[in-house]
Amino acid sequence: MTTRVFEKWYREDRLPHIFCTGCGNGTVMNCAIKAVDMMQWEIDDTVFISGIGCSSRAPGYISTDSLHTTHGRALAFATGVKMANPDLNVVVFTGDGDLSAIGGNHFIHACRRNIDMTVICMNNMIYGMTGGQGSPCTPVGKISTTTPYGATEPVFDLADLAVAAGASHVARWTSYHTKELTKAIETGLATEGLSFIEAMVQCPTAYGRRNKLRQVTDQVEWMRTHAILLQKARRMEQEGKPIPEEHFTVGEFIHRQRPAMGVRR
Ligand SMILES: Cc1ncc(C[n+]2csc(CCOP(=O)(O)OP(=O)(O)O)c2C)c(N)n1
Ligand code: SF4
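Residues numbered from 1 in each chain as written. Chains lettered and ligands numbered in written order. Predicted model: local features only at pLDDT ≥ 70, side-chain atom pairs only at ≥ 80, totals over all residues. Heavy atoms only, no water.

## Remarks on the overall build of the protein
Check the secondary structure of the protein and you find 9 helices and 8 strands. Based on the C-alpha atoms only, the size of the protein along its principal axes is roughly 50 × 45 × 35 Å. Among the 265 residues that make up the protein, the fraction classed as buried is 51%. Summarising the internal contacts of the protein: among those between residues at least 6 apart in sequence, 69% fall at separations of at least 24. By element, 52% of the accessible surface of the protein is carried by carbon and sulfur atoms, the whole surface being about 12,500 Å². (Helix = DSSP H or I, 4+ residues; strand = E, 2+ residues; numbered from the N terminus. Buried < 20%, exposed > 50% of the residue type's maximum accessible area, 1.4 Å probe, protein only. Contact = heavy atoms within 4.5 Å. Areas by Shrake-Rupley, 256 points an atom, 1.4 Å probe, with all protein chains shown as cover.)

## A few points about a negative patch on the surface
Where like charges cluster on the molecular surface, the negative patch consists of Glu42, Asp44, Asp45 and Asp65. Mapped onto the elements, Asp45 comes out in the loop between helix H2 (25–38) and strand S1 (46–50). Take Asp45: its relative accessible area is 36%, and that puts it in the partly exposed class. (Patch = residues over 30% accessible without salt bridge, like charges linked within 9 Å, V, L, I, M, F, W, Y side chains within 5 Å. Salt bridge = Lys/Arg side-chain N within 4 Å of Asp/Glu carboxyl O. Lys, Arg positive; Asp, Glu negative; His and termini not counted. Charge placed at Lys NZ, Arg CZ, Asp CG, Glu CD.)

## Things to note about the site of ligand 2
In the vicinity of ligand 2, the contacting residues are Phe19, Cys20, Cys23, Asn25, Cys54, Asn124, Gly128, Cys203, Pro204 and Thr205. Class assignment for the residues of the shell around ligand 2 results in 6 nonpolar, 4 polar and no charged. (Near = heavy atom within 4 Å. Nonpolar A, V, L, I, M, F, W, Y, C, P; charged D, E, K, R; others polar.)

## So, the site of ligand 1
With respect to spatial proximity, 16 residues lie near ligand 1, and among them Cys54, Ser55, Gly97, Asp98 and Gly128 are the closest. Cys54 places a polar main-chain atom, nitrogen or oxygen, 2.8 Å from an oxygen atom of ligand 1. With respect to ligand 1, the side chain of Asp96 contributes an N or O atom lying 3.4 Å from an oxygen atom. In isolation ligand 1 exposes 590 Å². Once the protein is present, 73% of that is buried. Per-element tally for the shell around ligand 1: the top contributor is helix H4 (residues 96–102), with 4 residues. The residue inventory of the shell around ligand 1, partitioned by class, reads 6 nonpolar, 8 polar and 2 charged. (Polar contact = N/O pair within 3.5 Å; in protein donor to acceptor, adjacent residues only side chain to side chain.)

Structure, rendered in structure tokens:
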């Protein structure tokens, strides 16, 4: 069954892919493809769109029509596609740099407009494709080529940002939590309005080897042990207990009905 799902949705003629050995991006793609297949969407009715970056290469391996656009502009192109033909299912793959640095303004306004699409951000906390510069998601103290003594700027919490800006559905998981991630994407695909799914991923090449996570499994293990369920984090907050350093929350941040643009006629 699973083999048939992948045969249907992946372009085998585009292999081998460009991802480094052990990169988390492939796992997120697999989760997304499973979710799309569970929706029983048709290839001809579905469009995958991306900007530029390692993560943004994803649509090139998928059998549907796709747009590999300019850095940071995936959401602008996706908005155009959806407004031109609301009958299409639109899914965007993006990276943390693509989405929240050069594409930051498109992100908040796509959420504000609540355009009917699903945005999946593979957050590896760094610019992977261009060799490891810091992004707005590089944690304080972590090493990148542009922060050789450790990043000093506070990070964007992408999920919180999407909630504040108006997205209908927002969730965060990791490439370790494959079942939860697949379910969250499926819920996002079924939701009217903008669904934002943040997937924390390991990047052994540009992030891990600079930050004492040299083996692929080190970063996956770090995500497993530093992810705190949102409900637990909220409970801890009520009890006045601080979230331990370097931990992050996972779960469903919001699921709501808001006026949405580009909804199927
Ligand atoms: C306008 C423009 N500025 C900069 C670049 C160079 N560039 C290509 S990918 C990239 C960063 C990618 O990082 P991210 O979006 O986090 O994706 P990742 O590669 O980590 O998946 C940059 C700066 C570009 N292609 N176009
Ligand atoms: S540089 Fe990082 S994000 Fe890019 S393919 Fe390699 S492991 Fe993946």
